[in-house]
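Inside the fold
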Amino acid sequence: MMKKLAIALLTLLLVYLQTRLWIGEGSVAEMLTQQDNLERFRLENERLYQRNRLLAKEVVELQQGMETIEERARQELGMIRSDETFFLTYD
C-alpha cells in the first residue's frame, strides 16, 4: 500500500514538474519566446541607433553649410536654381 502511494505521489510530482517545464511560467516555451523578443528588440535598437547616427550627421551638416539645405530643397520640395533648366521625364 505504501509503495503504491509513493509511486502515485512521485508520478504526480513528475507530471507537475513536466507541466511547469513545458507550459507554466518560466517554461521552455516562454524562454524561447523571450529570446525571440530580445533578438527583435536588439535588431530594432540597432536600426534606431543607425538612424540616430545619420540624423546627428545631418544636424552637423545643417549647422555647417548650405549644401544639405539645398539638397533637401531639391529632393523634398522640387526646387531648382534660377540658372538651371528643369526637365521632366516620364519612366
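Source: prediction; values computed, not measured.

With that out of the way, let us pick up the overall build of the chain. When helices and strands are tallied, the chain shows three helices and zero strands. Secondary structure elements in the chain, listed N-terminal to C-terminal, are α-α-α. Its C-alpha radius of gyration of 32 Å places the chain more than 25% over the 12 Å reference for a compact globule of 91 residues. Taken over the C-alpha atoms alone, the chain extends approximately 105 × 35 × 10 Å along its principal axes. A gap of 15 Å separates the mean positions of the 12 positive and 15 negative side-chain charges of the chain.

This brings us to the pattern of salt bridges. Evaluated as defined, the whole model comprises seven salt bridges. The closest approach of N and O atoms between E70 and R74, which form a salt bridge, is 3.3 Å. Here R74 and E70 lie together in helix α3 (residues 67–77), a separation of four residues that amounts to about one turn. Put simply, E70 and R81 hold a salt bridge, and the shortest N to O gap is 2.6 Å. Placement of the pair is E70 in helix α3 and R81 in the segment after α3, with a sequence separation of eleven residues. Judged by relative accessible area, R81 falls into the partly exposed class, the value being 43%. Salt bridges sharing partners connect three or more residues here, namely E70, R74, R81 and E84.

Per-residue confidence for the chain gives a mean pLDDT of 87; residues scoring 70 or more make up 100%. Per-residue pLDDT, averaged within each element of the chain, yields its smallest value for α3 (81) and its largest for helix α2 (residues 28–64) (92).

What follows covers the packing of α2 against α3. When two helices pack together, their arrangement is given by the angle between the helix axes and the distance between those axes. Axis separation between α2 and α3 bottoms out at 7 Å; the angle between their running directions is 110°. Relative to α3, the element α2 is oriented roughly perpendicular. Residues E58, E61 and L62 of α2 touch α3, and the partners they reach there are T68, I69 and R72. For the contact of α2 with α3, the residue count by class is two nonpolar, one polar and three charged.

On the secondary structure map, S27 appears in the loop between α1 (2–22) and α2. Overall, S27 belongs to the buried group, its relative accessible area being 3%.

The next thing to look at is a nonpolar patch on the surface. Together, M2, L5, L9 and L12 line one region of the surface with nonpolar side chains, adding up to about 470 Å² of accessible area. Assignment of secondary structure puts L12 in helix α1.

What follows covers the environment of I7. Checked against the element boundaries, I7 lands in helix α1. Separated by 82 residues in sequence, I7 and T89 have C-alpha atoms that sit 84 Å apart.

Of note, R42 is situated in helix α2. With relative accessibility at 46%, the residue R42 sits in the partly exposed group.

Calculation criteria
- Residues numbered from 1 in each chain as written.
- Predicted model: local features only at pLDDT ≥ 70, side-chain atom pairs only at ≥ 80, totals over all residues.
- Heavy atoms only, no water.
- Helix = DSSP H or I, 4+ residues; strand = E, 2+ residues; numbered from the N terminus.
- Rg over C-alpha atoms; globule rule 2.2 N^0.38 Å.
- Lys, Arg positive; Asp, Glu negative; His and termini not counted.
- Charge placed at Lys NZ, Arg CZ, Asp CG, Glu CD.
- Salt bridge = Lys/Arg side-chain N within 4 Å of Asp/Glu carboxyl O.
- Buried < 20%, exposed > 50% of the residue type's maximum accessible area, 1.4 Å probe, protein only.
- pLDDT = per-residue confidence, 0-100.
- Axes fitted to C-alpha atoms, helices over the stretch in contact; angles between N-to-C directions.
- Parallel < 35°, antiparallel > 145°, perpendicular 65-115°, else oblique.
- Contact = heavy atoms within 4.5 Å.
- Nonpolar A, V, L, I, M, F, W, Y, C, P; charged D, E, K, R; others polar.
- Patch = residues over 30% accessible without salt bridge, like charges linked within 9 Å, V, L, I, M, F, W, Y side chains within 5 Å.
- Areas by Shrake-Rupley, 256 points an atom, 1.4 Å probe, with all protein chains shown as cover.

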